[in-house]
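Each chain is listed here by its residues.
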Amino acid sequence: FRLPLQAGEAVDMLAGGVWKPACIKSFVSTNPTHFGYIVEGTDADAPPIRMHALQLRRRFPIGDEVGVYFGDREGWATCIVVDPATAAPAKELLSQDTGLEAFRLSANWNQNMGANVWTAVLVKRCDDVEGAAVFKVPSFLVKRAAKEIDV
């Protein structure tokens, strides 16, 4: 499950078997997860198109402030999305020792189904005073903006 996508939100759309960057323009109805979204791709000449929710996944641009769920013990933390090309080696948030076994199973289900609606996001915690720890987080543990975090 995921929260409905919002107008103006950055997404990837599945077109021709390839994930491409896009933006949510509007909803088709009051039930967008069933009836779809109107999406604009990066090609300025192409008209907006209707896409089913299963053909869309959230995209987290580098530098965005997001909330990440670190489990029952730590809860939500404010993080910054970092560039994979320049980031330090990332720690797997869903390793065996995090207590997030149910989330690991969800990630495995996603891979087995081939849907790939979830993606990996590299983040740094804003409360990390040393600034060195980078985490590889599945996107279903990431919220769009820090203002959504219940800290």
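The structure we're discussing is the one just above.
The rules behind these values
- Residues numbered from 1 in each chain as written.
- Predicted model: local features only at pLDDT ≥ 70, side-chain atom pairs only at ≥ 80, totals over all residues.
- Heavy atoms only, no water.
- Pairing = 2+ DSSP bridges.
- Helix = DSSP H or I, 4+ residues; strand = E, 2+ residues; numbered from the N terminus.
- Salt bridge = Lys/Arg side-chain N within 4 Å of Asp/Glu carboxyl O.
- Buried < 20%, exposed > 50% of the residue type's maximum accessible area, 1.4 Å probe, protein only.
- Phe/Tyr/Trp six-rings, centres within 6.5 Å; stacked < 30°, edge-to-face > 60°.
- Lys NZ or Arg CZ within 6 Å of the ring centre and 35° of its normal.

Trainee: Help me out: how do you make sense of the sheet that holds strand 11 (residues 142-143) in this one?
Mentor: Within a sheet, neighbouring strands are paired by backbone hydrogen bonds and run either parallel or antiparallel to one another. Across the sheet, which stays open at both edges, the six strands sit in the order 8-10-9-7-6-11 with mixed pairing between neighbours. The open sheet is flanked by strand 8 (90-92) and strand 11, the only strands paired with a single partner. Two strands pair when backbone bridges link them, and strand 7 (residues 76-81) and strand 9 (residues 120-125) are joined in this way by three bridges, in the antiparallel orientation. Looking at the pairing, C79 lines up with R125 of strand 9.

Trainee: Just checking my understanding: could you explain the pattern of salt bridges for this structure?
Mentor: When the charged atoms of two side chains with opposite charge come close together, those side chains can pair. Evaluation of the coordinates by the stated rule reveals six salt bridges. Across the pair R58 and E9 runs a salt bridge, and its minimum N-O distance is 2.5 Å. Note that R58 is positioned in strand 5 (residues 56-58) and E9 in the segment before strand 1 (10-15), a separation of 49 residues in sequence. Residue class for E9 comes out buried when judged on its relative accessible area of 7%. For the salt bridge of D12 with R57, the shortest nitrogen-to-oxygen distance reads 3.3 Å. Taken together, the residues D12 in strand 1 and R57 in strand 5 connect sequence positions 45 residues apart.

Trainee: Teacher, can you tell me more about the packing of aromatic side chains here?
Mentor: Aromatic ring pairs are defined here through the distance separating the ring centres and the angle between the ring planes. Summed over all chains, the structure comprises two aromatic pairs. Arranged with centres 5.4 Å apart and planes meeting at 55°, the rings of Y69 and W76 form a pair that is tilted. An angle of 80° between the planes, with centres 5.2 Å apart, marks the rings of F70 and F135 as edge-to-face. With F70 in the loop between strand 6 (65-69) and strand 7 and F135 in strand 10 (residues 134-138), the pair connects residues that are 65 residues apart, well separated along the chain. Of the two residues examined, F70 and F135, each falls in the buried class. Taking NZ or CZ as reference, R125 lies 4.4 Å from the ring centre of F70, over its face. Its guanidinium or amino end placed over the ring of W76, K143 lies 4.2 Å from that ring's centre, counting from NZ or CZ.

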